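Listed below are the residues making up each chain.
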Amino acid sequence: MTTTVVVGGNFAGMTAALEIKRKGKDKHKVIMIDKSPLFLFIPSLIWVPFNRREIKDISFRKDEILHKKGVEFLLAEALRVDTERQVVVTDKEEVSYNHLVIATGPKVKYDVAPGVQEYAHYVGTPNGAMKIRTALEEFKKNPGPIVIGATQNAGCMGAAYEFLFNIEKWLREQNIRKKVDLYWITPETFLGHFGIDGMTGGETMLKSFMKMFNIHFRTEVGVKEVQEDKVILTSDEELPSSFTMLMPPFIGVDFVKNSPGLEATAAGYIPVTDDYRHVTLPNVWAAGIAVDVKLPFTPGKVPFSGPKTGYPSDETGKIVAENIIRVSKGETELKKKAWGKIPGVCIMDAGKKEVIILSDKLFKPRNFAIMIPNIFYDVFKVIFEKYFLWKTRKGYSYLP
Ligand SMILES: Cc1cc2nc3c(=O)[nH]c(=O)nc-3n(C[C@H](O)[C@H](O)[C@H](O)COP(=O)(O)OP(=O)(O)OC[C@H]3O[C@@H](n4cnc5c(N)ncnc54)[C@H](O)[C@@H]3O)c2cc1C
């Protein structure tokens, strides 16, 4: 019996754990460790501040489906791993493994600039999204300028763009749009770079959205400081702001940083080869945001990073599962797919409009890459949400 421990069980870890068990059956024991009892469909958090979703609509208990599929679940925080003893130390107990999958996602680097933690909102956690809901109720009573954007070193720009267009729509619905100067700030060298060096037509499309919605924008800027009533940019420009939402950079989680044996990168990510196996530890694997991905472009004046979105997170979970099964059967040929060669599949909500982004490869050179705007409704984003929640609730991890 081979025991695989999967640390972190949301997009990448849930897929990896269910796939190892599905393929390995009785020859594999799979234990998932996660500090959260809930699976959370993070992409829909951008709708929570605007009352379009409740947290309960986009999350569910994961232990029930895991148990049904034969995966053990330990609700605990993994503190570190001893790679010599092959033991994960948690705040509850120690768990031994033959194979270890690290799928712990990101830690948000709120200290990227003074005041970001204190005065800027962040939509990427349930708590953060709910705090924005409350803050917007107050904002409505006394509207003022708004700054939305991504800080230096950020990589998840798409979500910040989505929030921008959703708040613009919300301002119109509240009949206060004319009272609000809306600013977009980004470290990207051009609008729609997205940390993937853009896509044909993307910059033009985003520029036309900014014009159509009367949003002022600044590219190639970082954040020097956020104060209660303003955002000071690295260009020294000061933007007055009564409400600020920023996407800070992501780094690796403390579990990884506190495990020197993992030889993580300075940012706390796991160095792997194209089969998602650790470069020096043959029984350690990584999937999702935990993977170290080399930047596919040269940043400009202000550093920024690349996106690690849901599709490649799910895909790398599948690749890891397949490879652990192959290794445990004594096979030496492993499945390989570099992160940048995974297809790009993403839907950007633009405030009850959407842009469907498809490419044969995430990173350039690509054979095809298209952005299809749908200005009537965000129907594909909603379908994607419903589909992903359905397949995960059912444990159909093998589906795309
Ligand atoms: C606001 C927002 C919107 C987004 N929108 C989109 C979108 O529209 N489309 C898209 O493709 N992607 C989107 N993304 C990105 C997407 O959410 C990520 O790609 C995906 O969540 C990554 O999956 P993951 O499994 O690597 O990490 P996560 O989903 O973050 O999961 C990590 C898991 O590890 C657990 N964990 C962490 N540390 C420990 C520990 N020490 N012990 C135990 N458990 C631990 C956590 O509890 C969590 O369950 C968005 C992200 C954000 C923040």
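These numbers were taken from a predicted model, which means no experiment stands behind them. (Residues numbered from 1 in each chain as written. Predicted model: local features only at pLDDT ≥ 70, side-chain atom pairs only at ≥ 80, totals over all residues. Heavy atoms only, no water.)

**Q** Could you clarify how one ought to interpret the nonpolar core in this entry?
**A** Side chains of nonpolar character tend, in soluble globular proteins, to be buried together. Counting residues in hydrophobic clusters, the biggest one holds 112 residues, and the most contacted among them are Val-88, Ile-148, Tyr-161, Phe-165, Ile-167 and Phe-243. Tallying contributions element by element places helix α5 (residues 157-173) first for this core, with 10 residues. Those residues in contact with Val-88 that lie beyond four places of it in its chain are Val-5, Val-7, Ile-33, Ala-78, Arg-80, Val-81, Glu-93, Glu-94, Val-95, Tyr-97, Leu-100 and Phe-255. Core analysis: the next-biggest nonpolar cluster, separate from the first, contains 14 residues, Val-112, Ile-185, Val-223 and Leu-239 among them. (Core = buried A, V, L, I, M, F, W, Y, C linked by side-chain atoms within 4.5 Å. Buried < 20%, exposed > 50% of the residue type's maximum accessible area, 1.4 Å probe, protein only. Helix = DSSP H or I, 4+ residues; strand = E, 2+ residues; numbered from the N terminus. Contact = heavy atoms within 4.5 Å.)

**Q** Explanation requested: the site of the ligand in the structure shown.
**A** Close to the ligand lie 34 residues; Asp-34, Lys-308, Thr-309, Gly-310 and Lys-381 are nearest. With respect to the ligand, the side chain of Asp-34 contributes an N or O atom lying 2.7 Å from an oxygen atom. About the coverage of the ligand: the protein hides 92% of its 990 Å² of free accessible area. Secondary-structure elements contributing two or more residues to the shell around the ligand are α1 (11-24), β2 (28-34), α5 and α8 (310-328). Considering only residue class, the shell around the ligand consists of 16 nonpolar, 11 polar and seven charged. (Near = heavy atom within 4 Å. Polar contact = N/O pair within 3.5 Å; in protein donor to acceptor, adjacent residues only side chain to side chain. Areas by Shrake-Rupley, 256 points an atom, 1.4 Å probe, with all protein chains shown as cover. Nonpolar A, V, L, I, M, F, W, Y, C, P; charged D, E, K, R; others polar.)

**Q** Just checking my understanding: could you explain unusual backbone geometry for this structure?
**A** What is expected of a backbone is that most residues other than glycine have negative phi and most peptide bonds are trans. Along the chain, Lys-364 connects to Pro-365 via a cis peptide bond; the corresponding omega equals 0°. Counting through the fold element by element, Pro-365 comes out in the loop between β21 (354-359) and β22 (369-374). Phi is positive for Phe-194, close to 60°, though the residue is something other than glycine. Here Phe-194 is to be found in the loop between β12 (182-185) and α6 (202-212). The backbone phi angle of Glu-263 is positive, close to 50°, even though this residue is not glycine.

**Q** Just checking my understanding: could you explain the pattern of salt bridges for this structure?
**A** Where charged atoms from two side chains of opposite charge come close, those side chains can pair. Scanning the entire structure with this criterion turns up 31 salt bridges. With a closest N to O distance of 3.4 Å, Arg-85 and Asp-82 form a salt bridge. Relative accessible area serves as the criterion here: at 24%, Asp-82 is assigned to the partly exposed category. Here Arg-177 ties to Glu-168 by a salt bridge, and the two come within 2.9 Å at their closest N and O atoms. Linked by salt bridges that have partners in common, Lys-23, Glu-322 and Arg-326 make up one network. (Salt bridge = Lys/Arg side-chain N within 4 Å of Asp/Glu carboxyl O.)

**Q** Got a minute to help me understand the sheet that holds strand β13 (residues 216-218) in this structure?
**A** Sheets are built from strands that pair by backbone hydrogen bonding, the pairs being arranged parallel or antiparallel. Here four strands make up an open sheet; going across it, the order is β13-β12-β11-β17 and the pairing parallel. The sheet terminates laterally at β13 and β17 (243-247), the two strands that pair on one side only. Going from strand to strand, the sheet's axes swing by 15° on average, the running direction of each strand aside. Of the strand pairs in this sheet, strand β11 (residues 146-150) and β12 are connected by four bridges, and their pairing is parallel. Paired with Val-147 across the two strands is Tyr-183, which belongs to β12. Sitting on the sheet, helix α4 (residues 126-141) is in contact with β11 and β17, with an inclination near 150° to β17. Across the sheet, α5 is in contact with β11, β12 and β17; its angle to β12 comes to roughly 175°. (Pairing = 2+ DSSP bridges. Axes fitted to C-alpha atoms, helices over the stretch in contact; angles between N-to-C directions.)

**Q** What exactly am I supposed to notice about the sheet that holds strand β5 (residues 72-75) here?
**A** Spatially, the five strands line up as an open sheet ordered β5-β2-β1-β9-β19, and their pairing is parallel. Edge positions in the sheet fall to β5 and β19 (284-286), since each of these pairs with one other strand and no more. Pairwise comparison of adjacent strand axes, ignoring direction, gives a mean angle of 20° for this sheet. With six bridges connecting them, strand β1 (residues 2-7) and β2 associate as parallel partners. Residue pairing in the sheet places Val-6 in a bridge with Met-32 of β2. Across the sheet, α8 is in contact with β1, β2, β9 (99-102) and β19; its angle to β19 comes to roughly 160°.

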